[in-house]
Amino acid sequence: MSDSLLGRLEQKIENKILGRDPLPLSYPRRKTRAVKVGPVTIGGGHLVVVQSMITEETRNVEGCVAQIIAMADAGCEIVRVTTPTLAEAYKLGEIQAEVRRRGYGVPLVADVHHQGSDIAVAVARFVDKVRINPGLFVFRKPRGRADEYTPAEVAEELAAIEESLLPVITVCKERDIAMRIGVNHGSLAERLTVMYGDTPEGMVESALEYLKICEKHDYRNLVISLKASRVPIMLAANRLMVRRMDELGMDYPLHLGVTEAGDGEYARIKSTAGIGTLLAEGIGDTIRVSLSEDPINEIPACYDILQALGLRKTKVEFIACPSCGRTKFELTSVLRKVKAATNHLVGLDIAVMGCIVNGPGEMADADYGYVGKGGGVITLYRGRTPVKNVPQEVSVDELVALIKSDGRWMDPPGGTAVPASPFAKELAVVG
């Protein structure tokens, strides 16, 4: 037996004895309870839900209604609205009534922060979900305290939280609606920063305090979020939250997001690094990409993350090589032409590859392939099988003809190559 084979065998035996599993190739989704938010379900094995938040002032009823409808049309599945005062809470009631009158059932979430008990009770009477921030819900102005809290002081603060939270729990239970316990790294209560530091552990303990109060009163229609503007903090907090919930026998779904991510390309990369990493580990049931832009721009970013991970499919998956000296045509312009002709065929995987050296192998999972053969000739593939060679000047038309001959073509809405709603015909998911 070779040394390398013997070494691998010894490693397998050691892993077996120590109960260690080899590195998994993929992670199953974490099992959670199902939480209903209006007609949408978060967790429980359902699709990862896409949500966002409007930016209009809540007092501007017509503006809020218009923005909510625009976001719903773009594919947003849950919309959050800020309610900083009781006046705004009642305006949200008007907003919801008008959204429903116009035929939209998208769930609305009231965002409640400072000293929020009365506001949360008011909005819980009509919205689909209430979000509270544990660091601000029973607000204590920071005093720069550094000395440890006594057990009596901790008990006093927990009693104050329970007193404020219980009326909200009561209404949520009566209406059977959900609550999100939404912890932000930047707004932890001073008591928790003294006890745990400005750490992921403090974030997790903040959420657990509220969870335990809710469970004490037999209320479990809950979603949890732990957000930070720094990706490593957000990752650590959510991983620790999962571990602590497992230890405590809790199965609440998680809402993922990197808060205050900024704008532009970097904000999207930063959000993907946090949200995508956890989703790839099987953690997360609903997501928001927080951008300092029009919130409607958040929706395609969310769906792109989910499609990249195989969790949802909302558009054509185009596979294309980066091009090199072997490429037999001007790949960039050809890819644009292929996309323009086929990007409404939601559910298909289409590959555009520059040459036959790596092309057929790299595109093996595609439904259709367009591969440069040389000499102005393109080879069209169905899956792994070459179908025919065609002149490059008619190659895109021939690709369309091949798709049509297989019965997989549909005319683009309105006679254009771009669908009116990119998520309207979403194919369901990989489980």
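Everything that follows concerns the structure shown earlier in this document.
Parameters and conventions
- As a convention, each chain's residues are numbered from 1 in the sequence order in which they are written.
- Local features in this predicted model are restricted to residues of pLDDT 70 or higher, and side-chain atom pairs are both shown and tallied only at a pLDDT of 80 or more, whereas totals for entire chains, interfaces and linings draw on every residue.
- Side-chain metrics in this entry use all non-hydrogen atoms of the structure; hydrogen atoms and water are not considered.
- Each pair of strands is called paired provided DSSP finds at least two bridges between the two strands.
- What counts as a helix is a DSSP run of H or I of at least four residues, what counts as a strand is a run of E of at least two, and both are numbered from the N terminus.
- By definition, residues are in contact when any of their heavy atoms lie within 4.5 Å.
- Only C-alpha atoms enter the line fits that serve as axes; for helices the fit covers just the stretch in contact. Angles between N-to-C directions range over 0 to 180 degrees.
- A helix's residues, less one, multiplied by 1.5 Å, set its expected span.
- Residue exposure (1.4 Å probe, protein chains only): buried if accessible area is under 20% of the type maximum, exposed if over 50%, otherwise partly exposed.

> Hey, could you go over the sheet that holds strand β8 (residues 222–227) for me, with residue numbers and the actual values?
With parallel pairing, the eight strands of this closed barrel are ordered in space as β3-β4-β5-β6-β7-β8-β9-β10. Of the strand pairs in this sheet, β8 and strand β9 (residues 254–256) are connected by two bridges, and their pairing is parallel. When the sheet's bridge partners are listed, isoleucine 224 is paired in β9 with leucine 254. In the packing of helix α11 (residues 298–308) onto the sheet, the strands contacted are β3 (49–53) and β10 (286–287), and the crossing angle to β3 comes to about 155 degrees.

> Describe the sheet that holds strand β15 (residues 385–391), naming the residues involved and giving the relevant values.
Either a parallel or an antiparallel arrangement is found when strands of a sheet pair, and the pairing is made through backbone hydrogen bonds. Spatially, the five strands line up as an open sheet ordered β11-β12-β13-β14-β15, and their pairing is mixed. Two strands in the sheet have a free side with no partner beyond their single neighbour: β11 (317–320) and β15. Sheet twist, expressed as the average angle between the axes of neighbouring strands with direction ignored, equals 20 degrees. In the sheet, strand β12 (residues 349–353) pairs with strand β13 (residues 368–374) via four bridges, with the strands oriented parallel. Looking across to β13, one finds that valine 352 is bridged to tyrosine 370. Together, β11, β12 and β13 form the strand contacts of helix α12 (residues 331–342), whose direction differs from that of β12 by roughly 160 degrees.

> Could you give me a rundown of helix α3 (residues 86–101), with the residues and numbers involved?
The terminal C-alpha atoms of α3 lie 23 Å apart, and with 16 residues this matches the ideal 22 Å at 1.5 Å per residue to within 8%. Buried within α3 are the following residues: Glu88, Ala89, Leu92, Ile95, Gln96, Glu98 and Val99. Tucked inside the fold, the buried residues of α3 contact α2 (61–73), β4 (78–82), β5 (108–112) and α4 (117–123). With its phi angle positive at about 90 degrees, glycine 103 sits one or two positions after the end of α3.

> Quick one: what's the story with α11, residue by residue and with numbers?
The buried fraction of α11 amounts to eight of the 11 residues, a majority that puts the element mostly inside the structure. Within α11, burial applies to Glu298, Ile299, Ala301, Cys302, Tyr303, Ile305, Leu306 and Gln307. Where α11 is buried, its residues meet β3, α10 (264–280), β10 and β11. Of the residues flanking the end of α11, it is glycine 310, one or two places downstream, whose phi is positive at about 75 degrees.

> Break down the pairing of strand β7 (residues 178–184) for me, with residues and values.
Within β7, seven of the seven residues are buried, leaving the element largely enclosed by the surrounding structure. Going residue by residue along β7, you find Ala178, Arg180, Gly182 and Asn184 tucked away on one face and Met179, Ile181 and Val183 tucked away on the opposite face as well. Here four bridges tie strand β6 (residues 129–132) to β7, and the two strands are oriented parallel to one another. Note on β7: the bridge partner recorded for valine 130 is methionine 179. Bridge count between β7 and β8: six bridges; the pairing is parallel. Following the sheet pairing, valine 183 is matched in β8 by leucine 226.

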